[in-house]
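What the coordinates show
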Amino acid sequence: MTSDRVVDLLRKAYGDEMETVMNYQTNAIVLDGVRAEEIKESLQQDIQEELGHAQQLGNRLKQLDARPPSSAEFVARQDSLQPPEDSTDVLSVIEGVLEAEEGAIDTYRALIDAAEEADDPVTEDLAVTILADEEAHRTEFRGFEKEYRNE
């Protein structure tokens, strides 16, 4: 039997991934300008990966006789990832992505620790795999941030 902490973190991670999908999609739609194209393409690619993470987390919850949260239970947390008023403000979107990725990395590290304590190697392995993806996203967007700050 897995711990309540593991289930709580899986549910939080699931909700965060779904919120990320929504915010990446919205930002990919609303950003304007030639400079925004590469960011929009990256967000579109990441949407599929984040959605895959949510599916994996939801399946793991099901395996643990728990359920992923539905929209009625959803609590939005990603204030910094809201679309900017100025649709050409690409840097604010990059900064929002970095903040969201840092939050995801923190959640997956906590999930790894909780799963290890609960002797749940399957959840631990899933969290390690997703953590690697989130760290790769962070690295990519740190590169974008450097480019935009140097212009």
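This text gives an overview of the structure that appears in the document. Remember, predicted model here, so these are calculated numbers, not experimental data. (Residues numbered from 1 in each chain as written. Predicted model: local features only at pLDDT ≥ 70, side-chain atom pairs only at ≥ 80, totals over all residues. Heavy atoms only, no water.)

This paragraph deals with the overall build of the chain. A tally of helices and strands in the chain yields four helices and zero strands. If you list the helices and strands of the chain from N to C, you get α-α-α-α. Computed over C-alpha atoms, the radius of gyration of the chain comes to 16 Å, within 12% of the 15 Å expected from 2.2 N^0.38 for 151 residues, which places it in the range of a compact globule. Based on the C-alpha atoms only, the size of the chain along its principal axes is roughly 50 × 30 × 20 Å. In the chain, the share of contacts with a sequence separation of at least 24, taken over all contacts with a separation of at least 6, comes to 80%. Split by element, the accessible area of the chain, about 8300 Å² in all, is 48% carbon and sulfur. (Helix = DSSP H or I, 4+ residues; strand = E, 2+ residues; numbered from the N terminus. Rg over C-alpha atoms; globule rule 2.2 N^0.38 Å. Contact = heavy atoms within 4.5 Å. Areas by Shrake-Rupley, 256 points an atom, 1.4 Å probe, with all protein chains shown as cover.)

For the rest of this paragraph, the subject is helix α2 (residues 37-63). Taking 1.5 Å per residue as the helical rise, α2 with its 27 residues ought to reach 39 Å, and the 40 Å between its terminal C-alpha atoms agrees with that figure. Directly beyond the C-terminal end of α2, a positive phi value near 60 degrees is found at D65. (Expected span 1.5 Å × (residues − 1).)

A few words now on unusual backbone geometry. The phi torsion at D65 lies on the positive side, around 60 degrees, for a residue other than glycine. For D65, the position within the fold is in the loop between α2 and α3 (90-117). Look at D119: it is not a glycine, yet its phi comes out positive at around 55 degrees. The residue D119 is located in the loop between α3 and α4 (121-149) in this model.

Grouped together as the largest cluster of nonpolar side chains are 22 residues, with contacts concentrated most on V6, L10, L57, Y108 and L111. Taken together, the elements giving at least two residues each to this core come down to α1 (4-30), α2, α3 and α4. Ranked by residues supplied to this core, first place goes to α3 with seven residues. Residues within four places of L111 in sequence aside, it is in contact with V6, L9, L10, T123 and A127. Residues L31, L98, F141 and Y148 belong to the second largest nonpolar core, which totals 18 residues. (Core = buried A, V, L, I, M, F, W, Y, C linked by side-chain atoms within 4.5 Å. Buried < 20%, exposed > 50% of the residue type's maximum accessible area, 1.4 Å probe, protein only.)

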